[in-house]
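The residues making up each chain are set out below.
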Amino acid sequence: MPQHHITAAVVRQAGGPFKLEPATLRGPGSDEVIVEVKATGMCHADIVVRDQHLPVPLPLVLGHEGAGVVVEKGSDVRNLDIGDHVVLSYAYCGQCRPCSSGHPPYCEHTFPLNFGGAARNGTHALSDSTGDGLHDHFFGQSSFATHAVCNQRNAVRVRKDVRLESLGPLGCGVQTGAGAVMNSLNVRPRSSFAVYGAGAVGLSALLAAKARGASTLIAVDIVAERLKMARELGATHVIDGRAEGAVNLIKDASHGGVEFILDTSGVPTVIEQAIAALAPMGRLGLVTGFPGTKAAFDINYIFQGGRVIQGIVQGDSLPHEFIPYLINLYASGDFPFDRLIRYYEFADINQAAADSLSGKTVKPVIRVGT
Ligand SMILES: [Zn+2]
Ligand SMILES: [Zn+2]
């Protein structure tokens, strides 16, 4: 198989920077494709791992919201062709019990496949200019690079009449928020919905709840700019989570309690506030939280009220179905997720990370391709 001479953003030390370097990418295995990456979203997990709060070994190529064009494929790849536009999503094995029962976000091999820093057999697809291996396969893609190798399972073919460079965030952050609302919580028309945290995941959830026809749309955050954006995107109520009586404000807005709530913060005090705002038979979805973090709740309040607290990964998304569905919704004007995006050139990737951390940009998308 021919090798590809590429440019990749390499993290060599905890905290960064991302440094653009020449690198070599091997050809595809039998069930893999090589994707010429056009653009890649930057997601919170990229920064968490750059800073080594999650220990994926360095030096490493991050990036897990890639969008690009298939330029080479292995002999067993059936459903993708050269020239196809693809969005890259999370990796899963396709064979374990969660995978074979239609729930690949809960794959038993999630950690080695997405955070192992190598293929499952321990080899690297990328090497640097001295010939040393680079840690890769981040979310099965490592798409902060001009080319990426990935399995056919996590390369999702998408329609060609929609601007490809905007689509990468559908592979992680956007599907996490939208899927939590549409697949996991199953938010109903004319219901009440609240989201804690108006970042990329939270605002994607808000847009999805609006598309579902929820009539009360509450955004809770502590950053005024984000609340302003939530209002522009359709929130009927925006609430500063630190305000005195915030829980009562949320209950008043939702006639006594919220039917569907999504927490995107992972912060115990925020989650406890969300639990307090739940209506009887209300559902709270959790999409993030560091290991060992604990929140307290009143057992009686949960069971007597028939309330549900649900963990959700990747919005319970089956990427090959859900990502094209979201793109159709976007194309029809009912899911304008691109309003969250600000574009950066590849050379400005460190600025993108800084703007994401400061909250200046909700969803940075790095233009990787030329
Ligand atoms: Zn992500
Ligand atoms: Zn699996």
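Residues numbered from 1 in each chain as written. Chains lettered and ligands numbered in written order. Predicted model: local features only at pLDDT ≥ 70, side-chain atom pairs only at ≥ 80, totals over all residues. Heavy atoms only, no water.

Peer 1: Let's hear about the overall build of the chain: which residues, and what values?
Peer 2: A tally of regular secondary structure across the chain gives 11 helices and 18 strands. For 370 residues, the compact-globule estimate of 2.2 N^0.38 gives 21 Å, and the C-alpha radius of gyration of the chain, at 20 Å, lies within 12% of that figure. Summarising its shape, the C-alpha atoms of the chain cover approximately 65 × 40 × 35 Å along the three principal directions. For the chain, contacts bridging at least 24 residues in sequence account for 68% of all contacts bridging at least 6. The positive charge centre, built from 31 side chains, and the negative charge centre, built from 34, are 4 Å apart in the chain. (Helix = DSSP H or I, 4+ residues; strand = E, 2+ residues; numbered from the N terminus. Rg over C-alpha atoms; globule rule 2.2 N^0.38 Å. Contact = heavy atoms within 4.5 Å. Lys, Arg positive; Asp, Glu negative; His and termini not counted. Charge placed at Lys NZ, Arg CZ, Asp CG, Glu CD.)

Peer 1: Residue-level account of the coordination of the zinc ion (ligand 2), with values.
Peer 2: Coordination of the zinc ion (ligand 2) by the protein is provided by Cys-93 (SG), Cys-96 (SG), Cys-99 (SG) and Cys-107 (SG), with metal-donor distances spanning 2.3 to 2.4 Å. The site at the zinc ion (ligand 2) holds 4 donor atoms, and with the angles between them running 105 to 116 degrees, its shape is tetrahedral. The sequence pattern formed by the donor residues of the zinc ion (ligand 2) is C-x2-C-x2-C-x7-C. With relative accessibility at 6%, the residue Cys-93 sits in the buried group. Owing to a relative accessible area of 10%, Cys-99 belongs among the buried residues under this scheme. (Donors = N, O, S within 2.8 Å, 3.2 Å for Na, K, Ca; no water. Tetrahedral: all angles 85-135°; square planar, octahedral: opposite > 155°, others 65-115°. Buried < 20%, exposed > 50% of the residue type's maximum accessible area, 1.4 Å probe, protein only.)

Peer 1: If you had to explain the sheet that holds strand S12 (residues 216-221) to someone new, which residues and values would you point to?
Peer 2: Ordered in space as S13-S12-S11-S14-S15-S16, the 6 strands form an open sheet in which the pairing is parallel. Of all strands in the sheet, those bounded by a partner on one side alone are strand S13 (237-240) and strand S16 (308-311). Averaged over all pairs of adjacent strands, the angle between their axes in this sheet comes to 20 degrees, without regard to strand direction. Sheet analysis places strand S11 (residues 192-196) next to strand S14 (residues 258-263), joined by 4 bridges and oriented parallel. Looking at the pairing, Val-195 lines up with Leu-262 of S14. Packing of helix H6 (residues 224-232) onto the sheet brings it into contact with S12 and S13, and relative to S13 it is tilted by some 170 degrees. Across the face of the sheet, helix H8 (residues 268-276) comes into contact with S11, S12, S14, strand S15 (278-286) and S16 while running at roughly 150 degrees to S15. (Pairing = 2+ DSSP bridges. Axes fitted to C-alpha atoms, helices over the stretch in contact; angles between N-to-C directions.)

Peer 1: For unusual backbone geometry, give the residues involved together with the corresponding values.
Peer 2: Cis geometry marks the peptide bond from Gly-16 to Pro-17, where omega comes out at 10 degrees. Within the element layout of this structure, Pro-17 appears in the loop between strand S1 (4-11) and strand S2 (18-25). The linkage connecting Leu-58 with the following residue, Pro-59, adopts the cis geometry, with an omega of -10 degrees. Following the sequence through the fold, Pro-59 ends up in the loop between helix H1 (44-50) and strand S4 (60-61). Of note, His-255 is a non-glycine position whose phi angle comes to about 55 degrees, a positive value. In this fold, His-255 is placed in the loop between helix H7 (246-253) and S14. With a phi angle near 50 degrees, Gln-314 is a residue other than glycine that sits in the positive phi range. Looking at where Gln-314 falls in the secondary structure, it is placed in the loop between S16 and helix H10 (319-331).

Peer 1: Describe a nonpolar patch on the surface, and please don't skip the residues or the numbers.
Peer 2: On the surface, Phe-297, Ile-299, Phe-303 and Ile-309 cluster together into a nonpolar patch covering about 430 Å² of accessible area. The residue Phe-297 is located in the loop between S15 and helix H9 (299-304) in this model. (Patch = residues over 30% accessible without salt bridge, like charges linked within 9 Å, V, L, I, M, F, W, Y side chains within 5 Å. Areas by Shrake-Rupley, 256 points an atom, 1.4 Å probe, with all protein chains shown as cover. Salt bridge = Lys/Arg side-chain N within 4 Å of Asp/Glu carboxyl O.)

Peer 1: Account for the pattern of salt bridges, with residues named and values stated.
Peer 2: Scanning the model with the defined rule gives 16 salt bridges in all. Residues Arg-188 and Glu-259 are paired through a salt bridge, measuring 3.4 Å at the closest nitrogen-oxygen approach. You can see Arg-188 sitting in the loop between helix H4 (173-184) and S11 and its partner Glu-259 sitting in strand S14, a full 71 residues away along the chain. According to the relative accessible area criterion, Arg-188 is partly exposed, its value standing at 45%. Connected through shared salt-bridge partners, Arg-163, Glu-165, Glu-345 and Arg-367 make up one network.

Peer 1: Could you give an account of the sheet that holds S1, naming the residues involved and the relevant values?
Peer 2: Spatially, 5 strands are ordered S4-S1-S2-S7-S8 in an open sheet, and the strand pairing comes out antiparallel. In this open sheet, the two edge strands, each paired with only one partner strand, are S4 and strand S8 (133-134). For S1 and S4, the ladder comprises 2 bridges, and the chain directions are antiparallel. Bridging across to S4, Val-10 finds its partner in Val-61.

Peer 1: Just give me the short version of H6, but keep the residues and values in it.
Peer 2: Of all the positions in H6, only Leu-227, Met-229 and Ala-230 are classed as buried. Projected down its long axis, H6 shows its buried positions confined to an angular sector of 160 degrees, all on one face. Those residues of H6 that are exposed and aimed more than 90 degrees away from the buried face are Ala-224 and Glu-225. Where H6 is buried, its residues contact helix H5 (200-211), S12 and S13. Downstream of H6 by one or two residues, Gly-234 has phi in the positive range, about 120 degrees. (Arc of directions from axis to C-beta.)

Interpretation in functional terms is not warranted from these geometric data alone.
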